[in-house]
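The lines below spell out each chain.
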Amino acid sequence: MSNNSIQAPPPDVVRSAYAELIVTDLAASRRFYVDVLGLVVTYEDDDAIYLRAFEEYLHHCLVLRRGPVAALGRLAYRVRSADEVDAAEMFYRELGVRTERVPAGAERGIGEAVRIEDPLGFPIEFFYAADHVERFTQRYDLHGAGAIARLDHFNLVVPSVPEARKYYESLGFKVSEDIQDSDSTVYAAWMYRKSTVHDVALTGGDGPRLHHIAFATQEAHQLMHICDHLGAVRQSDRIERGPGRHGVSNAFYLYLRDPDGHRIEIYTHDYYTGDPDNPTITWDVHDNQRRDWWGNAVVPSWYSEASPVLDLDRRPRPITERAEAREADVTIGADGFSYTRAGDALAGGGPVGFKLGEQV
Ligand SMILES: O=C1C=CC(S(=O)(=O)O)=CC1(O)O
Ligand SMILES: [Fe+2]
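So, how was this worked out
- Residues numbered from 1 in each chain as written.
- Chains lettered and ligands numbered in written order.
- Predicted model: local features only at pLDDT ≥ 70, side-chain atom pairs only at ≥ 80, totals over all residues.
- Heavy atoms only, no water.
- UniProt positions renumbered as here; feature names shortened; annotations may be inferred.
- Helix = DSSP H or I, 4+ residues; strand = E, 2+ residues; numbered from the N terminus.
- Pairing = 2+ DSSP bridges.
- Axes fitted to C-alpha atoms, helices over the stretch in contact; angles between N-to-C directions.
- Contact = heavy atoms within 4.5 Å.
- Donors = N, O, S within 2.8 Å, 3.2 Å for Na, K, Ca; no water.
- Buried < 20%, exposed > 50% of the residue type's maximum accessible area, 1.4 Å probe, protein only.

Trainee: Can you walk me through the UniProt feature "domain: VOC" (unreviewed entry) in the protein chain in this structure?
Mentor: In this structure's numbering, the residues bearing the UniProt feature "domain: VOC" (unreviewed entry) are residues 15-129 and 150-269. A distance of 14 Å separates the end C-alpha atoms of residues 15-129, which is 22% helix and 41% strand. Here residues 150-269 runs as 19% helix and 46% strand, with 13 Å between its end C-alpha atoms.

Written out as structure tokens, the structure reads:
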């Protein structure tokens, strides 16, 4: 995919702004996202629930829409002005991907927008105008102990991380961190427009698929409360990975699976990346602490499972297999208890690379 011939400038993306998830049981999803996660309902009807987090004043950051098959309906980036919606239309028409202009209200609470099937196969919307609603930042009378502050990022499963990185760099995103190995295979990358570690993460795998949507909290104890709440309602099986401390991003993290299996990350305390010379951190795929700073295992489902994505006609996108090595196949760190340091030779000729003995 070459962008050499593109004349039109890319849209000025501010941040990841909302996602639309297709869910098969709206009531069950409501019990998870509202009753457990505590997201605020801006609007709901029989077909959809519009949710926002406590620091947000736009109409929603998440749309749960009832449908026959659980999938990603749309990811939306907010751009800096109405003119940038025009820029998005010009940029993508020149790029030659499917591009549609939709009127204000095509999505409740959102103004005029441009929707595309991006070069990576994802359904993306660029918008500026949106309804403002009450911001509950200091409505501590409404916050639960697990209060979620805002939407933070999207994590996308893509067959080629370098190809996806090049596309997002053409949109002005910069890389904060990535995971490589000694032959320069790239397994993952984190890219940003807002001044944090990422708005979008690229995870090497069969795609296009949605790996997860992440929400930020102010404090780590809010993640713990969500775990305690899930335990109290006997839904601890919604906890897939964590809580723990990431190596990449340094964020405290928790991964949950919603009633349809969509993965949701609750995430806090990453770091500032806003200076122009913010350095990129590259992790070795064999570093046991890259994905969990404490060296805890990454459960296999975290590498293998993700949500299918729909095209603009709401049909599931075909999946392309990753051609390069897969992290779960090559890593010797933070995955199913393997744990080795370069040059290790365990005493007594035992298996090299297992923490606490071989567990899988
Ligand atoms: O947001 C993230 C930050 C870090 C990590 S990792 O597991 O530490 O690589 C995963 C993640 O992409 O979900
Ligand atoms: Fe994440």
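Trainee: Can you help me understand the sheet that holds strand E4 (residues 62-66) in this one?
Mentor: Strand pairing in a sheet relies on backbone hydrogen bonds, with the paired strands running either antiparallel or parallel. Read from one edge to the other, the open sheet built from eight strands follows the order E2-E3-E4-E1-E5-E8-E7-E6, with strand pairing classed as mixed. The outermost strands of the open sheet, each flanked by one partner alone, are strand E2 (40-44) and strand E6 (99-102). Across the sheet, the mean angle from the axis of one strand to that of its neighbour is 25 degrees, orientation sign disregarded. Judged from the four bridges that link them, strand E3 (residues 48-52) and E4 form a sheet pairing that is antiparallel. In the strand pairing of E4, Ile49 is matched with Leu64. Together, strand E5 (71-79), E6, strand E7 (113-117) and strand E8 (123-127) form the strand contacts of helix H2 (residues 82-95), whose direction differs from that of E6 by roughly 155 degrees.

Trainee: Any chance you could explain the coordination of the iron ion (ligand 2) here in plain terms?
Mentor: When four donors bind a metal tetrahedrally, each ideal donor-metal-donor angle is 109.5 degrees, and when six bind octahedrally, the ideal angles are 90 or 180 degrees. Around the iron ion (ligand 2), the protein supplies His153 (NE2), His212 (NE2) and Glu265 (OE) as donor atoms, at distances of 1.9 to 2.2 Å. Between the donor residues of the iron ion (ligand 2), the gaps in sequence give the motif H-x58-H-x52-E. Taken together, the positions of His153 in strand E9 (residues 150-158) and His212 in strand E13 (residues 209-216) put the pair 59 residues apart, joining distant regions of the chain. For the pair His153 and His212, a shared accessibility class is recorded, and that class is buried.

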